[in-house]
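Letter by letter, the chains look like this.
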2 protein chains.
Amino acid sequence: MPKDLYAQSGVDINKGNQAVKKIKEMVKKLGIQEIGKFSGFFPLKQKTRNPILVSSADGVGTKLKIAFLMDKHDTIGKDLVNHCINDILVYGAKPLFFLDYISTGKLEPAIVSSVVSGILEGCVENEFVLLGGETAEMPGFYSPGEYDLAGFIVGLVEKKKVIDGLKIKKGDLVIGLPSSGLHTNGYSLARNIVFEKLQLKVDSPVEGLEKTIGEELLEVHRSYLRPVQTLIAKDLIKGMAHITGGGFIDNIPRILPDDLGAQIERIWPVPSIFEFLVKAGKISKREQFRVFNMGIGMVLIIDKNNLSKVEKVLNSNKEKYFLIGQVKETKGKNRISIN
Amino acid sequence: MPKDLYAQSGVDINKGNQAVKKIKEMVKKLGIQEIGKFSGFFPLKQKTRNPILVSSADGVGTKLKIAFLMDKHDTIGKDLVNHCINDILVYGAKPLFFLDYISTGKLEPAIVSSVVSGILEGCVENEFVLLGGETAEMPGFYSPGEYDLAGFIVGLVEKKKVIDGLKIKKGDLVIGLPSSGLHTNGYSLARNIVFEKLQLKVDSPVEGLEKTIGEELLEVHRSYLRPVQTLIAKDLIKGMAHITGGGFIDNIPRILPDDLGAQIERIWPVPSIFEFLVKAGKISKREQFRVFNMGIGMVLIIDKNNLSKVEKVLNSNKEKYFLIGQVKETKGKNRISIN
């Protein structure tokens, strides 16, 4: 009688159970709710009047290829978690729980555990829980040692506290909060420049950069929850944009009323990694701001009369910030001008 | 100045926007909330006391390969939605909203739209909403024309109505509800048998099967929401198991107290597709019930005194069912015996 037929076809159920077991041990250690059954439970405390669940799905894009090249898998999960947090934070929502999807050709428990450890770390740092997830073994889908990764977040905001951008008006100020690197966008172009055009290796040192190019590119996408949540609580933010794929050009208009745009002044120090990529790739100014965050990962729109209050909160959170522009009346397609 | 640098690297932002636009049109047509910004909003109506959010992440596994082979992408999304519904339904939860993650090497708007149309259909049929999602273009991750697909569901159940299996006792009855085919598990083994061992094509007719082998394998994973929700409302179910990866052997014990098992009698008519695979693959009985659902996609545990009430509800819903076993005292590993 054939014993391990299913294993022979490329799926090993026992190995899958091993990975889940490892994950459960970590989850238990960190005091987070148990995972691994059909679904996860999250009891909703009813302190909020008119609660709105805010939910987002995301991946980390081809930043994964950098993790593969460096064989370093313990930070990419944190990129994913932080990306998702920022995507709901822009509406004023606080994260409740997270679920992950990891898909790979052949399950390597050590790699999966490493990825999940990053996810757990991201959850713990931002004080919310990993509620569950799926680890899929998909023979023939991925190259050996590679995987794809998606995350799902659910957060909560009170209806009357939703940050929807509707009160934004001409003359409001645009504040930029610094990014920690490329975050999770622009990697296809960056990889093309670094590994195809310049033929660098991940451990190549680059003039002007403190770390190797691999380390620079794998720098963790930061969460803006801590510095921003006090501003939200004090009702100091009119609109917020997470600078992800599409950069300033596509993301800022998402929170502006249709007849408004923004005039951005490039006054902040652009981090060396972007200067390097822009120069090596001969990237036009408009393209830079459409593909990369260029050193600003989160944009806040505030009333100009609140500037000193906002500055006080950010300073007390030791959060760097830059006053990078102003809201203006505009028409047509190019609503974001960059000087 | 290089104009389409980013497109040259394999990511086309405008094409991505096109797909999102197509999706938005469909969403609008179906009367579902708008998607496509940073995240989705779901207002929670506070009718439920002590609400518990129940959430699950899942994929459809290598059933995707059948969709690729048949170049038919409009049903796989429904598989995903229904799978996720069943995973939260087992705890008595009713679906609130869904998010999807589609990842592909090069975005083909027609394929993405087709996949999303299946997701939307699944949501509409089960009367809940697609709240958002991510379509990721990942050059170098997937073979041309291929993609991966993950889904994320959030449902709600009142705390005192959670179906947790704790009240299950010796002598309770096991009811099986028919599956519509392989659902979403056992595809690596099935593909191995059909396409490697037997060298069949997807359009090959097979003796004893009404449809081509491709059509049989792509048969949509059904949702059990409609027949089961009345039983839940009437408090007639003590425990429920969705027969997914791991089959009867791994899934039924998930809802049984530790000292109980089940004696299953194979009295239902096993659908021809399973008979065919088992015979062609020379699969042992234990392996059959660990890899495939063998014609039973959902298992309900009920009190024997409620049998006639349960039968009445299922009959009035025109739902077929089979009394397939009984709960018994057991110890050790093999808690599920199959006669």
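A quick note: this is a predicted structure, and the numbers were derived from the prediction, not measured.

*Asks:* Break down the domain arrangement of chain A for me, citing the residues and quoting the values.
*Replies:* Many structure descriptions define interface size as the accessible area lost when the parts assemble. Residues and elements named next belong to chain A. The domain boundaries assigned to chain A delineate domain 1 (5-161) and domain 2 (173-338). Approximately 2,300 Å² of surface area, both sides summed, lies buried where domain 1 meets domain 2, with 66% of it carried by carbon and sulfur atoms. Contact with domain 2 buries area across many residues of domain 1, yet Lys63, Ile66 and Leu89 alone supply 25% of it, more than any other trio. Summed over the shared surface of domain 1 and domain 2, the result is 0 salt bridges. The interface formed by domain 1 and domain 2 holds 14 residue pairs in polar contact (both at pLDDT 80 or more) in total.

*Asks:* Lay out the sheet that holds strand 4 (residues 129-137) of chain A in plain terms, naming residues and giving numbers.
*Replies:* Backbone hydrogen bonds are what pair the strands of a sheet, in a parallel or an antiparallel way. On the basis of which strands lie adjacent, the open sheet formed by 5 strands has the order 4(A)-3(A)-5(A)-2(A)-1(B) and mixed pairing. Each edge of the sheet is formed by a strand with only one pairing partner; in this case those strands are strand 4 of chain A together with strand 1 (40-43) of chain B. Taking the axes of each pair of neighbouring strands and ignoring which way they run, one obtains an average angle of 20 degrees across the sheet. Strand direction decides the pairing type here: strand 3 (residues 94-104) of chain A and strand 4 of chain A, joined by 8 bridges, are parallel. Of the residues in strand 4 of chain A, the one forming a bridge with Leu99(A) is Gly132(A). Taken strand by strand, helix 4 (residues 76-89) of chain A contacts strand 2 (51-59), strand 3 and strand 5 (147-158) of chain A, and its axis lies near 35 degrees from that of strand 5 of chain A.

*Asks:* Could you give an account of the relation of the copies chain B and chain A, naming the residues involved and the relevant values?
*Replies:* For the pair chain B and chain A, the best superposition has an RMSD of 0.0 Å and corresponds to a rotation of 180 degrees with a translation of 0.0 Å parallel to the axis. The relationship between the two copies is best expressed as a two-fold rotation axis. Mapped onto chain A, 99% of the interface residues of chain B are again interface residues, and the two copies thus contact each other with one and the same surface.

About the cut-offs
- Residues numbered from 1 in each chain as written.
- Chains lettered and ligands numbered in written order.
- Predicted model: local features only at pLDDT ≥ 70, side-chain atom pairs only at ≥ 80, totals over all residues.
- Heavy atoms only, no water.
- Domains from an automatic or database assignment.
- Buried area = accessible area lost by both parts, 1.4 Å probe.
- Salt bridge = Lys/Arg side-chain N within 4 Å of Asp/Glu carboxyl O.
- Polar contact = N/O pair within 3.5 Å; in protein donor to acceptor, adjacent residues only side chain to side chain.
- Pairing = 2+ DSSP bridges.
- Helix = DSSP H or I, 4+ residues; strand = E, 2+ residues; numbered from the N terminus.
- Axes fitted to C-alpha atoms, helices over the stretch in contact; angles between N-to-C directions.
- Contact = heavy atoms within 4.5 Å.
- Least-squares fit on C-alpha atoms with pLDDT ≥ 70 in both.

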